[in-house]
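The lines below spell out each chain.
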Amino acid sequence: MHTPSASLPGGTWTLGDLTVTRFGYGAMQLAGPWVMGPPADRDGALAVLREAAGLGITHIDTADAYGPHITNRLIREALHPYPDSLHIVTKVGATRDEQGGWPPAREPAELRRAVTENLENLGLDTLDVVNLRLGDAQGPVPGSLAEAFGTLVDLRRQGLIRHLGVSNATAQQVAEARSIAPIVCVQNMYNLAHRHDDDLIDELAEQGIAYVPFFPLGGFTPLQSSALTAVATRLDATPMSVALAWLLQRSPNILLIPGTSSVRHLRENVAGAGLPLSDEDLAELDEIGR
């Protein structure tokens, strides 16, 4: 039974010709510790994916590097054949090494192989959205993306990709990508405490391009802030609920993809993101990352 997606906080957004719920789900945590190997609770991982779909979530974010291959295969097992309303966004441009690192993999042959592996492991003929992951594990790194992005543009022309985006990118790289081909989203690290992309978010909103913050709750280091705690206490809510609600209210083009391997936590995230914040709350929270 699918709950109508309009019941999710934030409503919907359009990625090119694809309508997705602004509240999505990030599948990274479904793999094992530090995103390597299989999950400890495989049945639990499948249950989370099915619950996400059952709640009406139509935007699932993944990458074949998660595991590697594990997360995409779990998505396929849990949800294939996919309903027409469900859209899977993946990313290419990095792989995994035996130490759990994320070495770049942006040579044309590496990108073609990554797209093929995503297609095979997800059980798809065309990928809805592919983000080119730039930079490194420490963040964006300046430099031209022309060759790598051009490879994805060629794969799109071949019908293997429907829409393109960039991830872990500088504002200059976003502009360069847009000069080469249309993009529908930018996926960068951003949350209450990390506000470096404020100007970019506003610019993208004017252009109708989605901004998808990864680590919306701080990632492996959960957000800590006395102001966040104070607002949460006043609202009788958790700090994480307030952080998600703030993101949805920050700009209409922000899409949420909080990750979890727990059905209970997924439901808490959905409920929390719908928390209404007053102008006073927003003003207090707005000072955290400045």
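Attention in this report is confined to the structure presented alongside it. (Residues numbered from 1 in each chain as written. Predicted model: local features only at pLDDT ≥ 70, side-chain atom pairs only at ≥ 80, totals over all residues. Heavy atoms only, no water.)

### Thoughts on the pairing of strand 6 (residues 127–133)
Counting buried positions along strand 6 yields 7 of 7 residues, so the element is predominantly enclosed. Tracing the backbone out of strand 5 (residues 87–92), into helix 3 (residues 108–122) and back to the parallel element strand 6 gives a crossover that is right-handed. As defined by bridge partners, strand 6 adjoins strand 7 (residues 161–167) across 6 bridges and the pair is classed as parallel. Within strand 7, the position partnered with Arg133 by the bridge is Ser167. Regarding topology, helix 4 (residues 146–157) serves as the crossover connection from strand 6 to the parallel strand 7, and that connection is right-handed. (Buried < 20%, exposed > 50% of the residue type's maximum accessible area, 1.4 Å probe, protein only. Helix = DSSP H or I, 4+ residues; strand = E, 2+ residues; numbered from the N terminus. Right-handed = clockwise from strand over helix to strand, strands pointing away. Pairing = 2+ DSSP bridges.)

### Details of the environment of Val263
Looking at the element boundaries, Val263 is found in helix 9 (residues 263–273). Residues Val263 and Ala169 lie 94 residues apart in sequence; the distance between their C-alpha atoms is 31 Å. Excluding residues within four positions of it along the chain, Val263 makes contact with Ala47, Val48 and Glu51. (Contact = heavy atoms within 4.5 Å.)

### Brief notes about helix 1 (residues 42–54)
With 13 residues, helix 1 should cover 18 Å at 1.5 Å per step; its first-to-last C-alpha distance of 18 Å lies within 8% of that length. The set of residues buried in helix 1 consists of Gly44, Ala45, Leu46, Val48, Leu49, Glu51, Ala52 and Ala53. The secondary structure elements touched by the buried residues of helix 1 are strand 3 (25–26), strand 4 (59–61), helix 2 (70–79) and helix 9. Among the residues of helix 1, the N-terminal cap falls to Asp41, whose side-chain oxygen and the backbone nitrogen of Asp43 are separated by 3.4 Å. (Expected span 1.5 Å × (residues − 1). Polar contact = N/O pair within 3.5 Å; in protein donor to acceptor, adjacent residues only side chain to side chain.)

### Let's talk about the nonpolar core
Generally speaking, a soluble globular protein has its nonpolar side chains buried in company with each other. Within the largest apolar cluster, 74 residues are counted, with the highest numbers of intra-cluster contacts made by Tyr25, Leu49, Ile75, Leu79, Phe149, Leu152 and Val166. Here this core takes 7 residues from helix 8 (residues 239–250), the largest share from any one element. Residues in contact with Val166, not counting those within four places in the same chain, are Asn131, Leu132, Leu145, Phe149, Val174, Ala177, Ile183, Cys185, Val186 and Gln187. In this structure, Trp13, Leu15, Val20 and Val129 belong to the second largest nonpolar core, which totals 12 residues. (Core = buried A, V, L, I, M, F, W, Y, C linked by side-chain atoms within 4.5 Å.)

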